[in-house]
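As a plain string of letters, each chain reads:
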Amino acid sequence: MGFVMENAASPMETVLALLLCLPYRLGGYGIEKPQFNYRVDVPTHIRKLADRRYCECDLCWPDSNLAAEYDSARYHLDPERQESDARRRGTLVSLGFTVLTVSRKQVMDGGAFNRLARQIANLTGKRLRYVDPEFTRAHLALREELLRGMLVEEEA
């Protein structure tokens, strides 16, 4: 598996994908790599119900109809942006997607992230089989490396 994550719209989306997708030995959960900014076209017969011709998903596992949307504090606090995001998520749900909203706090908190990773693994059909304490040590080291400075950068 190549570890390059192309087309991410933010550093935190890349961090999220790396934490989820790197192999266990490197501290990731070994989940299949998502596609970034994946375009989902809205069929013509549904466009009257939606306010757009297509939706873009931050991280998407198209074979599982799963989208993970990262909502940073920097770009997602504006009420108009929140409204647009809600409509886009509703459109994706009407197209049969499961849409998970991921916050900075979920990424930064190890327990919350573990729950998120388990949920994504379940929805993508990945059975997690890591062995502790080796995985936990590798995961904590990876988190430390990837998240160093992210808190400051996100809120700048």
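Up top is the structure.
Residues numbered from 1 in each chain as written. Predicted model: local features only at pLDDT ≥ 70, side-chain atom pairs only at ≥ 80, totals over all residues. Heavy atoms only, no water.

Undergrad: Run through the side chain of Glu69, naming residues and quoting values.
TA: As for its position among the elements, Glu69 is in strand β3 (residues 66–71). For Glu69, the contacting residues outside a window of four places in its chain are Glu56, Cys57, Asp58, Arg88, Arg89, Val99, Leu100, Thr101 and Val102. (Helix = DSSP H or I, 4+ residues; strand = E, 2+ residues; numbered from the N terminus. Contact = heavy atoms within 4.5 Å.)

Undergrad: Which residues make up the packing of aromatic side chains, and what are the values?
TA: Aromatic rings considered in pairs are described by the distance between their centres and by the relative angle of their planes. Inspection of every chain in the model, using the stated rule, returns six aromatic pairs. For the pair Tyr29 and Phe113, a centre-to-centre distance of 6.1 Å together with 50° between the ring planes defines the contact as tilted. Taken together, the positions of Tyr29 in the loop between α1 (11–21) and β1 (35–41) and Phe113 in helix α4 (residues 110–124) put the pair 84 residues apart, joining distant regions of the chain. Owing to a relative accessible area of 0%, Phe113 belongs among the buried residues under this scheme. Each ring, one from Tyr29 and one from Tyr130, has its centre 5.9 Å from the other, and the planes form 80°; the classification is edge-to-face. In this pair, Tyr29 sits in the loop between α1 and β1 while Tyr130 sits in the loop between α4 and α5 (134–147), placing the two residues 101 residues apart along the sequence. One aromatic cluster is present, formed by Tyr24, Tyr29, Phe113, Tyr130 and Phe135 through successive ring pairs. One cation-aromatic arrangement involves Arg39 over Tyr54; the distance from NZ or CZ to the ring centre is 3.8 Å. (Phe/Tyr/Trp six-rings, centres within 6.5 Å; stacked < 30°, edge-to-face > 60°. Buried < 20%, exposed > 50% of the residue type's maximum accessible area, 1.4 Å probe, protein only. Lys NZ or Arg CZ within 6 Å of the ring centre and 35° of its normal.)

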